[in-house]
Amino acid sequence: MTPMNLLPLRDRASVSRRWLVGSWLGLSALGGGGLVAWTLHAQDASKAHVQAEMASAQMQLDQLQLQLAQQRKLQLQAQQTHALWQQVQALRQRAQRLDALHKVTAQRWPAGVQVLEWRLDGAGWRLQGLADSGGAVQQLLQDLLPLGPWQQAPAVVELAATSVVSGSNARSLRYVVQARWQETELAPHARSPAPASAQPLTSVIK
Amino acid sequence: MVQRFVRGWRQAPVCLGLSIHDQRMTLVEWHAAGAAQPSVQRWVQEEWMPSAEPAPGLWNEPARMGATLGRLWQRAGMQCHRLAVGLPADRVVLQTLQVEADCPANELRAQVNWRASQALGLNWDEVAFDYRTESPDGPLTVHWLACPMTLVHAAQLMSRAARLHLQFVGVEPAHMGLRENQQGGAPALLPQLQMACEMARQGSQS
């Protein structure tokens, strides 16, 4: 049985209120501690998650950089191959034109025009020889014109009379004809620098 | 660890019991070492001679008594702050009244207040009282207890000066024979200690 207490009710209430406040504070501290512990735990978990994501992203970045390096290497190889193909095409075209030039001159030789020297310098060339007359040289030029396109059309550079030796079939005119074909521009990086000892190709026909 | 916590919880002091008589103050720290065997953890007693300074009294010098009580509490190394004070039986009025069984609680309280003020010869707001009801068959039996409010205020001032929390103000049981022992010249240490323990027990139950 509860003993009788002469303490006024309001003071007893203050005691109980003090207990309530203390209990509430204790529970609040407990809850706060739990909240802090949970927050720290969640923070650690999220930190580990972020670290794992960072490691994954770094790995993907490394793989992408590796693939990019491989792609650049392949692109460089493709560019080199393309330049080499262009160079081969240009050389093939030049060979075809030289073959056509050779056929034209062969038709004229030795009837009216005699070729003594071929001089080739890339797309340019120079013919030097003897001719019976200026008309034969002019005819040669007419025959050469369809072999274009030309950057510099075939033209007579030099035409001079020569001394005729008796008893021989030497020609009376010495001529020099030169021209330059128009070629497609090669890629700058595909051009191999010409060696220092490179000289124009010269063929002398005796 | 759980066993240590339970043992510490059971051995924790529950309440302080205080008994004050003419020249002696007895303070008991009481705890329940198991529900069946409550025991005293610490107790201390202060006695003063009548030839010294004017003897401190609870009801006329509560601040001075509070200082003495605080010194006792510290000297004994007590830990509990909840205080139960016992008033001498001759300073309170204990009576019984009967009311109708369906009497409302506020009317019952007003009746007890009026009866207490009449018995003590004080105004209705100058008495402290408490009551307990018994409801056998028939009318309601009300046991009520009352004392001047000044005594309760003095006890509150004293506990505040001693930095303790007043939780219970009860009545010391008259059957323990303190008066008889004092009048016969025998040492009153044991009865007063028992009274302090009884106050602590009632305070822990309130």
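Since the model is a prediction, treat every value here as computed from it, not as a measurement. (Residues numbered from 1 in each chain as written. Chains lettered and ligands numbered in written order. Predicted model: local features only at pLDDT ≥ 70, side-chain atom pairs only at ≥ 80, totals over all residues.)

**Focus: the nonpolar core**
Among the nonpolar cores identified, the biggest contains 48 residues, and Leu16, Leu18, Leu27, Ala84, Phe129 and Ala146 of chain B are the most heavily contacted of them. Both domain 1 (17–89 + 149–205) and domain 2 (91–147) of chain B contribute no fewer than three residues apiece to this core. Apart from residues no more than four positions distant in its own chain, leucine 16 of chain B is found in contact with Leu27, Val28, Glu29, Met78, Cys80, Arg82, Leu83, Ala84, Leu164 and Ala200 of chain B. The next biggest cluster of nonpolar side chains, apart from the first, holds 11 residues, and it includes Val113, Val137, Leu144 and Val177 of chain A. (Core = buried A, V, L, I, M, F, W, Y, C linked by C-beta atoms within 7 Å. Buried ≥ 20, exposed ≤ 12 C-beta atoms within 10 Å, placed from the backbone. Domains from an automatic or database assignment. Contact = placed C-beta atoms within 7 Å.)

**Here's the deal with unusual backbone geometry**
All names here are of chain B. Positive phi outside glycine occurs at arginine 163, with the angle close to 60°. Looking at where arginine 163 falls in the secondary structure, it is placed in the loop between α4 (149–161) and β8 (165–171). Arginine 163 gets classed as exposed once you count the C-beta atoms within 10 Å, which come to 12. (Helix = DSSP H or I, 4+ residues; strand = E, 2+ residues; numbered from the N terminus.)

**Points about the interface of chain A and chain B**
When the parts come together, some accessible area is lost, and that loss is often what is quoted as the size of the interface. Between chain A and chain B, the residue contacts involve eight residues of the former and 17 residues of the latter. Classifying every residue of the side of chain A that touches chain B gives six nonpolar, two polar and no charged. (Nonpolar A, V, L, I, M, F, W, Y, C, P; charged D, E, K, R; others polar.)

**A word on the confidence of the model for chain A**
Considering every residue of chain A, the mean pLDDT works out to 83; 82% of them sit at 70 or more. Overall, residues 193–198 of chain A carries pLDDT values under 50, and its contacts beyond four positions in sequence, including any with other chains, amount to zero contacts. (pLDDT = per-residue confidence, 0-100.)

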